[in-house]
Amino acid sequence: MEIQWLGTAGFKIRTQEACFLIDPFLSRNRQASPSQTLRPSDLKTASHIFISHGHFDHIMDVPTIAEKTGACVVCSPTAAHTLSDMGLARIGRKLPDFFPLLVNFPCGQVLSWQFEIQNKRLLFFGSAGSTAKELQRLKSTPCDILFLPLQGHSKICEKALAYVEALGPGCVIPHHQDDFFPPLSRTVDITPFTDQVAKAFPGIEVRPMGLNETLVL
């Protein structure tokens with residue numbers, strides 16, 4: 001199994017039998033750090049695209065990618081409505097240009113995704129808003145790889161730690177910590193999270209990935 005981080009919450013997961021995408025978003029403005037050299041049209045192979053929610057940094061590139069790959073898009077009704085209405089999306093560099101990104105891409109229902117691949121259970125979260133009840137329900141089956149977002153909250157490292165404590169994964173892959181679209185994003189220092197996991201759960205590996213890096217398992 002190969003896991004490639006595409007930046008933000010985007011991942012490409014490939015096995016010998018399948019290739020699919022999660023929340024693929026490659027567009028950036030000039031202030032983004034790190035800069036993304038891949039373009040939506042560069043993703044040429046995928047059978048499915050799984051969407052966690054409807055914000056622009058999760059779905060804006062999906063029409064281009066779906067047309068290029070022929071992938072089936074799996075998402076909430078709100079995200080599906082946005083995608084069906086989408087035309088060419090212009091990315092501006094002035095603050096007023098950001099307003100359509102915030103207004104025209106409503107979040108809708110937030111979905112988490114569970115995948116069973118090569119005898120491993122993968123849990124993906126595109127947003128860290130799960131309730132304690134939801135996490136307790138997901139805890140019933142062991143989690144091998146947990147994909148956790150670290151963006152969008154002043155105490156995001158604390159919130160992420162609660163996921164680790166509840167789910168007890170074998171490995172955590174943080175994502176969304178990059179400054180993907182300033183000023184709507186920022187670089188998140190995930191050191192407090194990695195340090196706390198190492199201290200409280202020494203048996204759990206935290207595996208940060210570089211932009212476009214591929215992890216082979």
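Residues numbered from 1 in each chain as written. Predicted model: local features only at pLDDT ≥ 70, side-chain atom pairs only at ≥ 80, totals over all residues. Heavy atoms only, no water.

Visitor: Tell me about the state of the cysteines, and name the residues and values.
Guide: Within the structure shown, the criterion is met by zero disulfides. Free cysteine: cysteine 75, not disulfide-bonded; nearest cysteine sulfur from cysteine 72 at 9.1 Å. Cysteine 171 carries a free sulfur, and the closest cysteine sulfur to it, the one in cysteine 143, is 9.1 Å from it. Cysteine 171 gets classed as buried once you look at its relative accessible area, which sits at 10%. (Disulfide = S-S within 2.5 Å. Buried < 20%, exposed > 50% of the residue type's maximum accessible area, 1.4 Å probe, protein only.)

Visitor: I'd like to hear about the packing of helix α6 (residues 156-167) against helix α7 (residues 191-200), residue by residue, with values.
Guide: It is at 9 Å that the axes of α6 and α7 come closest, and there the two elements cross at 30°. α7 is crossed by α6, and the crossing has right-handed handedness. Contacts between α6 and α7 pair Cys157, Ala160, Leu161 and Val164 from the former with Pro192, Phe193, Gln196 and Val197 from the latter. Its residues assigned to classes, the contact of α6 with α7 shows seven nonpolar, one polar and no charged. (Axes fitted to C-alpha atoms, helices over the stretch in contact; angles between N-to-C directions. Helix = DSSP H or I, 4+ residues; strand = E, 2+ residues; numbered from the N terminus. Left-handed = near helix turned anticlockwise from the far one by under 90°. Contact = heavy atoms within 4.5 Å. Nonpolar A, V, L, I, M, F, W, Y, C, P; charged D, E, K, R; others polar.)

Visitor: Go over the sheet that holds strand β6 (residues 112-117) with me, naming the residues and quoting the values.
Guide: Strand pairing in a sheet relies on backbone hydrogen bonds. The paired strands run either parallel or antiparallel. Read from one edge to the other, the open sheet built from five strands follows the order β6-β7-β8-β9-β10, with strand pairing classed as mixed. Each having just a single partner strand, β6 and β10 (205-206) make up the two edges of the open sheet. Pairing of β6 with strand β7 (residues 120-125), which is carried by six bridges, proceeds in the antiparallel orientation. What sits directly across from phenylalanine 115, in β7, is leucine 122. Its contacts with the sheet put α6 on β7, β8 (145-149) and β9 (171-175), and the angle it makes with β8 is roughly 160°. (Pairing = 2+ DSSP bridges.)

Visitor: Residues and numbers for the environment of cysteine 143, please.
Guide: With respect to the helices, strands and loops of the structure, cysteine 143 is situated in the loop between α5 (132-138) and β8. The exposure class assigned to cysteine 143 is buried, which follows from its relative accessible area of 5%. Once residues lying within four places of it in the same chain are set aside, the contact partners of cysteine 143 are Arg121, Leu123, Leu167, Gly168, Pro169 and Gly170.

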